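Residue strings, one per chain:
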Amino acid sequence: MKSNRPVNLDLSTIKLPLSALASITHRASGVILFVGLIFMFWAFDVSLSSAEGFDSVKATLQQSFLAKFVLWGMLSALAYHCLAGVKHLIMDMDIGVNLETGHLMSKSVFVLAAVFIVLAGVWVW
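Below: a short report on this structure. It should be emphasised that the depicted structure is a prediction, and the values quoted were computed from it without experimental measurement. (Residues numbered from 1 in each chain as written. Predicted model: local features only at pLDDT ≥ 70, side-chain atom pairs only at ≥ 80, totals over all residues. Heavy atoms only, no water.)

## Things to note about the overall build of the chain
- In terms of regular secondary structure, the chain is built from four helices and zero strands.
- The helix and strand sequence of the chain, counted from the amino end, reads α-α-α-α.
- Structurally, the chain occupies a C-alpha span of about 70 × 35 × 25 Å along its principal axes.
- Across the 125 residues of the chain, 26% fall into the buried class.
- Put simply, the chain shows about 9200 Å² of open surface, and 72% of that area lies on carbon and sulfur atoms.
- Computed over 8 positive and 7 negative side-chain charges, the inter-centroid distance for the chain is 14 Å. (Helix = DSSP H or I, 4+ residues; strand = E, 2+ residues; numbered from the N terminus. Buried < 20%, exposed > 50% of the residue type's maximum accessible area, 1.4 Å probe, protein only. Areas by Shrake-Rupley, 256 points an atom, 1.4 Å probe, with all protein chains shown as cover. Lys, Arg positive; Asp, Glu negative; His and termini not counted. Charge placed at Lys NZ, Arg CZ, Asp CG, Glu CD.)

Take a look at the structure:
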């Protein structure tokens, strides 16, 4: 059986709606949080081991650009993931499931996340 349907496998030509981008980014932020837990568990382990360990973690977070960047990345991913998670919970209650409201909610998640990401960057640096 031959199908006359077009096949488009070039993902760069497919225009996804904003709500799909918000959902994909929500999943990506979850992966970032999961991978970033390695750094966070190390920092917690060292900081709780002794007073010297706490001081070394504190000095690392104050002086190392990479440590600040990872911390800012974790806070950014956490902020976006929480906001998008609340959006998903609201949509699970059948609120905002139409196209216009979903687009508006996705746009508001991106805007609020941008504000929180900037605030986290100011706080970290």
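Back to the write-up after that little detour.
## A word on unusual backbone geometry
- The phi dihedral of Asp94 falls on the positive side, at around 60°, and the residue is not glycine.
- Mapped onto the fold, Asp94 is located in the loop between helix H3 (65–92) and helix H4 (99–124).
- Residue class for Asp94 comes out exposed when judged on its relative accessible area of 62%.

## Describing helix H1 (residues 18–49)
- Taking 1.5 Å of rise per residue, 32 residues should cover 46 Å, and H1 covers 45 Å from first to last C-alpha, within 8% of that figure.
- The principal kink in H1, of about 35°, is found at Leu37.
- Along H1, the residues classified as buried are Ala22, Ser23, His26, Ser29, Leu33, Gly36, Phe39, Met40, Ala43 and Ser47.
- Buried residues belonging to H1 abut helix H2 (51–63), H3 and H4. (Expected span 1.5 Å × (residues − 1). Bend = angle between axes of the 7 residues up to and from the residue. Contact = heavy atoms within 4.5 Å.)

## A short note on the side chain of Ser76
- Structurally, the position occupied by Ser76 is in helix H3.
- Judged by relative accessible area, Ser76 falls into the buried class, the value being 9%.

## A few points about the side chain of Ser47
- With respect to the helices and strands, Ser47 occurs in helix H1.
- We classify Ser47 as buried; its relative accessible area is 15%.
- Reaching out from Ser47, the side chain makes a polar contact with the backbone oxygen of Phe44 at a distance of 3.1 Å.
- For Ser47, the contacting residues outside a window of four places in its chain are Gly53, Phe54 and Val57. (Polar contact = N/O pair within 3.5 Å; in protein donor to acceptor, adjacent residues only side chain to side chain.)

## Considering the packing of H2 against H3
- Relative to each other, H2 and H3 sit at 90°, their axes nearing to 5 Å. Regarding the angle of H2 to H3, the classification is roughly perpendicular. Between H2 and H3, the residues in contact are Thr60, Leu61, Gln62 and Gln63 and Phe65, Ala67, Lys68 and Leu71, respectively.
- Class assignment of the residues belonging to the contact of H2 with H3 gives a composition of four nonpolar, three polar and one charged. (Axes fitted to C-alpha atoms, helices over the stretch in contact; angles between N-to-C directions. Parallel < 35°, antiparallel > 145°, perpendicular 65-115°, else oblique. Nonpolar A, V, L, I, M, F, W, Y, C, P; charged D, E, K, R; others polar.)

## Quick notes on the environment of Arg27
- By the element assignment, Arg27 lies in helix H1.
- Using a relative accessible area of 63% as the deciding quantity, one classes Arg27 as exposed.
- In sequence terms Arg27 and His81 are 54 residues apart; their C-alpha atoms lie 8.0 Å from each other.

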